[in-house]
Structure formats: C-alpha cells, structure tokens
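Coordinate inspection notes
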Amino acid sequence: MRIETWGGAALCLGCQVILLANLNASGQQFALDLDELAHRNHHVELTYERSVGNQQAVTFRTQGTDPFVWFRLPSLPSKSRDWILEAEYFCPSGIKHLEWRMGDNAGLSPIWQLPPVPKAEGWTRYTVNLNELLGEQLPASNAISVRVDLGARPDVRLNIRRAIIRPISDHEEALQRTARERRVAKEQLAKRIADHHSRSWPATINRVRPSGDRMIVVGQCPPSDEAVVIVAREPHEIAANPIEKRSDGKVWPVKKAVGTGEFEMELAIGGQDWLPGTRLQLARLVDGGYEPISAEVYPEIATNVRRNAPPKLHAAKGLTCVDTRFSSQMLRDLGLKHASVNMLLNRLVSASPRQGWEKRSIAGKTWWVNEQRLVGYDRNIERARKAGCVVAGILLIHPEGRSDENETGSLTHPEASDEGSYTMPNLTSRESVRLYAAILEVLAERYGGANPDRRIDHWIAHNEVDYGWQWTNMGEQPMDVFTDHYLRSMRLIDAVTRKHNPHAQVFISLTHRWNATDCLPWKTYAPRDMLSRLVEDTKQHGEFAWGVAYHPYPQSLWNADFWNDTHLDQTDQTPLITMKNLTVLDRWMHRSEVRKQDFSVRPVICSEQGYHAVEDQPEQLRTQSIALLKTWEILRQCPSILAYDYHRPVDHPNEGGLRLGLRGLPSAGHPIGKPKPAWDVFKAINTDDEAELRASLGE
C-alpha cells in the first residue's frame, strides 16, 4: 500500500550539520546536511523537493555502475550508548551491496558493508548501529567525510528524508540485549509449529457445528484411550505449544462409542465467555496435563440473518481510496462495480469511558465506541454503494496503537517495530483478543448489510503481509511464527463478519513477489509459500471463506509497460506475478487442493496496482492508457479474478515521486486533480467505446 507515515522530530535536511539538543529522550541528535550531496557524488543525479510539513527530501537516481555520494559525519560525543544512523526512505527496487568508506581519500579507507536497503513502496525507516558497524574506528573527536556506494546498478531511485544520527533508544537497547535469546526461542517455536502441521494424528474431529448456545462435535478417537477430552484452544493460544492447564470449564470429557471410538457430543458453551476464533482439539489426560491427539478444528459459522448474495463479478472495474471527494454519479459514470476503503482500527473501541464515545455492550462486556470515526467510514462506504459497488474494507492498524493500551491490552502487536507503516493485531493475550474481537464486532454488525447502503462483503486482512516488515509489522519473525499469527487473525475476522453477513469473505493481502528469492530473513516472505500454508491450514483446521487480494504491480513501479517485464516467466516458479503473467495466479487458484470444499474456485481481487505517468510526459500518459487496455485483455482470461481495484484515482504528492493516479495532483483549480487520458480510457473499458479507444491508441 502506497501510504506514507510521519512521526518523530521534524528536522531540516537542507541546513548545515547542527547539534540539536533535547530532541531525543536519550540525549542529543544530529541532522545531516543533504545539500552537500549535490556537490560530492559520482554517477548520481540528485533532485530536491519539499514534502508534507514543508520538509525537504532528496531523490538519488543512479546514472552508472559506480554510484556513490559523500556526506559529513559530525564529531560524535563520547557516550555510553551506541549511535544510530537513521533515515526515512522510499525505494521500490531496493539496493544491495552498500559500502561505507571514511576519509577524504576513500581509496585508502577500509570498506564496511552496510545492511542492504530493502525494497520499500512507501516511506519506511532505515537504521544502522554505527558502533556495531565501525567498532573502534567510530569517529569520536573530529568530523569526517564519509562515502557511501549505492550498489552497481543504473537507474535505481532512492528517496531520502529525515536523515539523522541519534543515540540508541531504551527500547532498541533492550531489544539488542535480548536479541540472541529471543532468536533461539523463535527458532524453536517455528520448528514446533512446522512439526505440528506435518504431524499425523491418531484422532480426528470431523465437524464442529454451532446450535444455539451449544456446539455439536463429531469425531473419532482410539477406542483404547481411557480418558479423552475436548479442549477449547482460544485465539491467543499457539496450538503448537503445550495445552494450558484449564480452570475455566472449557474442557469436556468425551463419551465415545464402545469398540469404534466414534462420538457425537453437545457441548454447553453458553455463559462461558466464548471468543470468536476459538477452535477445539482432542487430548488425553496424562499426568494431570493434556496431550493433544488431534488437529484443532474451527466451528462452522452460524448466522440467523439473511442477506442477498452480492452480484457475481468478473474482471470488474474498481478503485482504491474511494471517499467523499467523488460523487456517486462520478463513480457510476466510470462504470465501477467494486471499491475498497481503508479502515484504521486504532482508537475505534475502548474498554474505558472516553468523552463523546458511545457506551454499548459487546459479548457481555461494556465498551465505548468512537461513533464519530464510524460516521466517517459510513460516508465513504455509502458513496461507493450508491454507485453500485461491492465494497472491500481494508483492516489496518497503525503503530500508534501502542498508546491504546488499557486493561484489555493493546491492539498493536507487542513485538512490532516502528519501522512498519502498519502492524499485526495483538493476539498474544486473551485481553488483547477481546479488544480486537470487539472492534471487529462493531464493524461487522454496522457493515453487515442490515443497511444495504453500508454493506461490506470483502474484508482484506491487513496489508501486503508477505512484506510484513513494512506493511504488517510483527517484529522479526520466522515465517511459520508470522503466518501462524496472521492466520488466527484471518479466522477471527471470518468468524465475526460471517455471523452478520453469510456472504462475507476474508482476503489475504499480498504483493507481486510470488516465488521471491530475495526475502529478508525474518522480515519478508514469499507469497506462494504463505498461500500454501493457508491451503494447508484450511485442510487441517476446517473450511472458511477466504480469497486472495493480490497486487500485481509492474516489476518496476516507475515503468507502466508491464508487457516488457523480464523478471518473470509463465511457470509456478516465477519470482514475480505482474499483469504480464497473471494467468499463473489464476491457474494456481484452479488447483484442486486450493479450491473450496464444494470444489468452486476461490476469489481473487487485484486490490491494489497502478501505472506511473507524470502529467507533463505525453509518452508516459500514452503508456498508462495502453496499460489499462492490455490489463483488461488479461483479466478476461482469468476466471478467478472478481475485480481490479486501480490504485489510485488521484496522484498523491508524497509517494516518493510516483504518479499512479488516473487524475493528476490536486490543485486550487482541480481539487481532485485534472483528468489524465487514462481517466477516459478507464471509463471506456467494458463499454462500446473501448474498441474505438483501442484503435486510436494502436491497440
């Protein structure tokens, strides 16, 4: 998702190197002079621009195979704490093989290898611990020239802002102290999770069906086992961990048929504070504890409400970022059938009273709800619904959620790093699950379809989770640990939303990095691997209504001519899936093991992708228009694709120079931007005018 974040002290990047006091709780921090880069660089073109808050950003564009820049590292006072070099950056391609040299004669300097700059399609943070990097050679008494080599590839764009040197924070220092122990524990947990999902079980739960305040459980266990119980595993529990000793009554002795081990039982769960997303597991009593003997299984979703099914879509036109800037008639004129709206979950529900918030009971507990925020969501959803759109809600959690901590826990995952634009929900404690479930209940009830003008049928679970470090941050995690947590969030969303709308579906959000081989260890993951794990989870733990929200941007966000993409192929091993080879994803969705229980194909939404074109560049504008026409040629070949939500309707001034909009930058005369030619092309798609436009563009 191309959304930028802003936080921390505002520093002028265009000034000389200055000492800034009292801006950091740990001491002083320095702003780096980026203006001097214009005078000391090689194979680099630099441009400067003002961004939000009138702050300066610099764009590096490499011009050859030996790009480097110089800056002045200030004299760093001797401190007991390490010094951190930090900057916010935007770089869709990423940069490997960064090198650090010091002194005016860089040819005589030792070479230090800097951490690579990860791909970032939105503003994110890059940090280097200078003490760890430089050791005893960290300058402590004099300023010194530093040369940074930016890899060896031409035409790489790196945007930088807020470049500072600061002392390490208390939080970072604490993480650094415990990093080794934590890493060992995470590796062990990942192995337990992997072993758990590959294990053969002696017992089976075949079905869990709700019936009023009871659960009907059908299964089979070894006839020889004497003491077998059904145990509830709540959403905060990692099923691969030992079953916790229960004192809450959520354990039921199994009464099985003699000789066969088959059983069918009714479990009374009324009044037992049953959390959505809870699953059941068979275990035998051993030495006062529980030894699991089956996979855990989620209950089927029960609903007493009736809703008309949403219209069947295929290759429907959609838009992201739909809001009240656009009239319903304008959206209708575009021929939209699908739309997505962002829904920030922070400060939406509180366990304690807040001024102006409405008091209400949710699942037997009193909460306070931010009605004013919901009214804002109402307007955006109503605008899309009145234009005839099926609506998707994208569920996002900002890192600022840490400030929402109260007696019910925090919404933000406790290990999330500030380097992420958004975070994973906190499912590490029962109290935090209750908060998250209460938020989902408020949204699911309000947008479940009782009011057709406020209906959401598609729920996108967070954002680009394969690139979780930036877009759904949970801290550094092995893929098995990250995915286990994410799937519990998907299941919780499914359990709550389908109760209010039986046609609701939850979607996993993924970038175009299909079989990525350049994943950052414990930070990013291959979408194909995550989807395979989701398929396995469905088979082992019960069917649910999921689909895929894929983002098939071109291989370079700067080049709209996706038909010239080269870093891909037409096989399942392809590193990328862009529009050029979208049929790879469609074929994967048609695999028998991926289909639903009734053998129908699970849905795909191309929920965020766009084509770069600057308003005063005629050739770029023409390519953007051609890209849209070619896009629909491919979409029509892919039966699994419900909709294509173009990102974005209007150019954004702070997307690192990307101009993805169908309209240009907002101005006084054009508050929603002046239409680009692509606006009319988009309007013509799926109409009688499309053929004429194709002919006029030579398509």
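Up top is the structure.
Residues numbered from 1 in each chain as written. Predicted model: local features only at pLDDT ≥ 70, side-chain atom pairs only at ≥ 80, totals over all residues. Heavy atoms only, no water.

1. Description of the pattern of salt bridges
The final tally for this structure, using the stated rule, is 45 salt bridges. The partner of Glu234 in a salt bridge is Lys250, and the shortest N-O contact between them spans 3.7 Å. Within this pair, whereas Glu234 is found in the loop between strand 15 (228-233) and strand 16 (251-253), its partner Lys250 is found in the loop between strand 15 and strand 16, the two being separated by 16 residues in sequence. Residue classification places Lys250 among the buried residues on the basis of a relative accessible area of 3%. Several salt bridges converge on common partners, so that one network encompasses Glu234, Lys250, Asp273, Arg430 and Arg434. (Salt bridge = Lys/Arg side-chain N within 4 Å of Asp/Glu carboxyl O. Helix = DSSP H or I, 4+ residues; strand = E, 2+ residues; numbered from the N terminus. Buried < 20%, exposed > 50% of the residue type's maximum accessible area, 1.4 Å probe, protein only.)

2. Looking at the state of the cysteines
Under the counting rule described, the total for this entry stands at zero disulfides. Just so you know, Cys91 is unpaired, no disulfide at all, and the nearest cysteine sulfur is the one on Cys519, 17 Å from it. By relative accessible area, which is 0% here, Cys91 ends up buried. Looking at Cys606, it has no disulfide partner, and the nearest cysteine sulfur is the one in Cys638, 7.8 Å off. (Disulfide = S-S within 2.5 Å.)

3. Examining the sheet that holds strand 15
With antiparallel pairing, the four strands of this open sheet are ordered in space as 16-15-18-19. Each edge of the open sheet is held by one strand with a lone partner, namely strand 16 and strand 19 (289-292). Looking at each pair of strands side by side, their axes are set apart by 40° on average, direction ignored. Two elements, strand 15 and strand 18 (residues 279-286), share six bridges in a ladder whose sense is antiparallel. Counterpart to Ile230 in the pairing with strand 18 is Leu282. (Pairing = 2+ DSSP bridges. Axes fitted to C-alpha atoms, helices over the stretch in contact; angles between N-to-C directions.)

4. Observations concerning the sheet that holds strand 11 (residues 144-150)
What the five strands build is an open sheet, ordered 3-6-11-8-9; its pairing is antiparallel. The open sheet has two edge strands with one neighbour each: strand 3 (41-42) and strand 9 (112-113).

5. Side note on the nonpolar core
Of all hydrophobic cores here, the largest spans 106 residues; its most connected members are Met343, Leu443, Met490, Trp546, Leu582 and Leu628. In terms of residue count, the dominant contributor to this core is helix 5 (residues 430-446) (10 residues). Setting aside its immediate chain neighbours within four residues, Leu628 contacts Tyr611, Tyr646, Leu662, Ala678, Val681, Phe682 and Ile685. Formed by 37 residues, the second largest nonpolar core is a distinct cluster that contains Val58, Cys91, Trp112 and Tyr126. (Core = buried A, V, L, I, M, F, W, Y, C linked by side-chain atoms within 4.5 Å. Contact = heavy atoms within 4.5 Å.)

6. Looking at the environment of Gly122
The residue Gly122 is located in strand 10 (residues 120-129) in this model. The exposure class assigned to Gly122 is buried, which follows from its relative accessible area of 2%. For the pair formed by Gly122 and Gln281, sequence separation is 159 residues and the distance between their alpha carbons is 42 Å. Excluding residues within four positions of it along the chain, Gly122 makes contact with Tyr89, Phe90, Gln470 and Trp471.

7. Description of the packing of aromatic side chains
Tallied over the full model, the rule gives 14 aromatic pairs. Here Phe482 and Tyr525 contribute two aromatic rings whose centre-to-centre distance is 4.9 Å and whose plane-to-plane angle is 35°, an arrangement assigned as tilted. Linking Phe482 in helix 7 (residues 479-500) with Tyr525 in the loop between strand 27 (505-510) and helix 8 (527-541), this pair joins segments that are 43 residues apart in sequence. For the pair shown, Phe482 and Tyr525 are each scored as buried. An aromatic cluster is present here, built from Phe562, Trp563, Tyr611, Trp632, Tyr644, Tyr646 and Phe682 joined pairwise through their rings. The residue whose ring lies beneath Arg40 is Trp70, and the NZ or CZ to ring-centre distance is 4.3 Å. A cation over a ring is seen here: Arg147 above Phe68, with NZ or CZ 3.6 Å from the ring centre. (Phe/Tyr/Trp six-rings, centres within 6.5 Å; stacked < 30°, edge-to-face > 60°. Lys NZ or Arg CZ within 6 Å of the ring centre and 35° of its normal.)

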